[in-house]
Structure formats: C-alpha cells, structure tokens
Amino acid sequence: MVRKTAVGLALLGALSSGLTAQVPGGSSQPRFAAGLQVGYNSGLGVELQGVVADFAQGFPFQARLGIRRTSVEPGVAIDARRIFINNNTNGIPEESGRTWNFRLDFLYPAQVLSLRRAYFFGGVRHARFTGNFNFVGGNEDFDISSRHWGFGGGLESHFGVGSRVDMVVTAGAEYFVSSTLSGHDTAYSPDGDNVNPREDYTYAEADAAIGQPKFEPVIMLGFNYHF
C-alpha cells in the first residue's frame, strides 16, 4: 500500500515538475493545486489528487491525476470458497476488500444552476481490486483479485474558504470493463478462458460472488490547496 502511494505521488510530482516552465509563445504560467478528498465510492474512499491548469496555450481544460483507496465489500465468502477452492463450510468467515483507483481527468468550466465555479470532468480509470476471505478455524485464508480499465465522469463545484484553499464537492460515476478474477490457483475470465475452474462454475457465477468494480457511484468532499 505504501509503495503504491509513493509511486502515485511520484507521478504527480513528475507532472508538476515537467510543466513548471513558461508556456512557449504565451505569458501565462501553469497553475497547480493539490487536494485531499473523502467520501463514498461503493465504500469509504480517500483520495489524493493533483491538478494543473494553463499548461498549454489556448487549451481550455485542466488536467488532474488522482489516487483513491476504497474499502469495499469483497463479496460472498461461502460462494467465493465454493467457486475458487472447495465445498467445505467449516470455519467462521471474516472478509475485507479494497480497491486502488488510479484516474486521469480533464475538467471544463460548467454553467450549472447558480454555482459560480463548477466543472464537468471525465477521463480514464484503472482499478486494482483485492478481496480477502479468511475462514477462522477452517484453515482457509485466500485473496481474490482483478484489474480493470474503465472511465468515469461527473460534476464538481469549488467554494473558496481562503486565498489559497477551496472546498470541493464532487458527484459522478465510474464504469469498469469486466476482467479476469484470480484466486488460489483458479482464474475465471469473461471470454471463458478459465484456469483450473472448479466443477462447472462459470465466470458469471464467479462475478456474482465477488465484489469487483463494475458501475460505481462517486460522492466526495474535500479541499484543494493552490500553490
């Protein structure tokens, strides 16, 4: 988790350092902001983000890189064990799930209701899901994981609370393409190219048992600091 966060922060730093020079042929300098948001994304999520504006002459969009970690419901423990390992039911199931969401957005000023500083946003997503199922007393402790590409968009509004600080309210949704579910020594793929499937189980049954990212609402609240 620490390593993924460090890599993400390094990417944000690289974006900022690569754009600090004055835009050729223009007088404007790039403007930067960094933010922290918390909220709901099929679970409690915390996001770090970096935003840059005016980095290309005449380009009307702002660009944003974000990294979000969300605690999610991993699925149905008994079904996950049956589909990926065996039909035993002994032990008391304990479960946890998390999704790392890496996002690149472009923001465009919007005229919505009476909001003075609103933006439409949209862009690509990459999600990394891991669900853990531990059957205490049943000698089974395993992870199910998947990796997904997707896209998302929505609307956000900024409210100034100081000369350099904005409160940011965000609402949107994200969609992720179906991907291979892997766990133990078994994998189920949307195209039917499964690895060591148990009995006659299919990808649809594995997908129904595991809480991997699909269509996700996003409601976040946080603050941006302008440098």
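To be clear, the structure that these remarks concern was listed above.
Residues numbered from 1 in each chain as written. Predicted model: local features only at pLDDT ≥ 70, side-chain atom pairs only at ≥ 80, totals over all residues. Heavy atoms only, no water.

1. Things to note about the overall build of the protein
Item 1. Check the secondary structure of the protein and you find 3 helices and 10 strands.
Item 2. Secondary structure elements in the protein, listed N-terminal to C-terminal, are α-β-β-β-α-β-β-β-β-β-β-α-β.
Item 3. Across the 227 residues of the protein, 42% fall into the buried class.
Item 4. In the protein, once contacts between residues fewer than 6 apart in sequence are set aside, the share between residues at least 24 apart is 66%.
Item 5. Summing over all exposed atoms, the protein offers an accessible surface of approximately 11,800 Å²; the carbon and sulfur share of this is 60%. (Helix = DSSP H or I, 4+ residues; strand = E, 2+ residues; numbered from the N terminus. Buried < 20%, exposed > 50% of the residue type's maximum accessible area, 1.4 Å probe, protein only. Contact = heavy atoms within 4.5 Å. Areas by Shrake-Rupley, 256 points an atom, 1.4 Å probe, with all protein chains shown as cover.)

2. What to know about the pattern of salt bridges
Item 1. A full pass over the atoms with the stated rule returns 13 salt bridges.
Item 2. Across the salt bridge formed by R68 and E47, the nearest N and O atoms sit 2.9 Å from each other. Separated by 21 residues along the polypeptide, R68 in strand β3 (residues 62-72) and E47 in strand β2 (residues 43-53) bring together distant segments of the chain. There is no split in this pair, since R68 and E47 are both buried.
Item 3. Note that R103 and D105 form a salt bridge whose closest N and O atoms lie 2.6 Å from each other. (Salt bridge = Lys/Arg side-chain N within 4 Å of Asp/Glu carboxyl O.)

3. Quick notes on the packing of aromatic side chains
Item 1. One pass over the structure, following the stated rule, counts 9 aromatic pairs.
Item 2. Judged by centre distance (6.4 Å) and plane angle (75 degrees), the rings of F61 and F106 are edge-to-face. With F61 in the loop between β2 and β3 and F106 in strand β4 (residues 92-110), this residue pair connects regions lying 45 residues apart in the sequence.
Item 3. Using a relative accessible area of 34% as the deciding quantity, one classes F106 as partly exposed.
Item 4. Of the aromatic side chains, those joined through ring pairs into one cluster are F55, F59, F61, F106 and Y108.
Item 5. Positioned over the ring face of F121 is R64, at 5.1 Å from the centre of the ring. (Phe/Tyr/Trp six-rings, centres within 6.5 Å; stacked < 30°, edge-to-face > 60°. Lys NZ or Arg CZ within 6 Å of the ring centre and 35° of its normal.)

4. Structural notes on the pairing of strand β5 (residues 118-136)
Item 1. Here 19 bridges tie β4 to β5, and the two strands are oriented antiparallel to one another. Within β5, the position partnered with P109 by the bridge is Y119.
Item 2. Examined bridge by bridge, β5 and strand β6 (residues 140-160) share 18 bridges and lie antiparallel to one another. Along β6, the bridge assignment pairs A127 with H148.
Item 3. Between β5 and β6, which pair antiparallel one after the other, the connecting turn spans 3 residues, and G137 there sits at a positive phi close to 85 degrees. (Pairing = 2+ DSSP bridges.)

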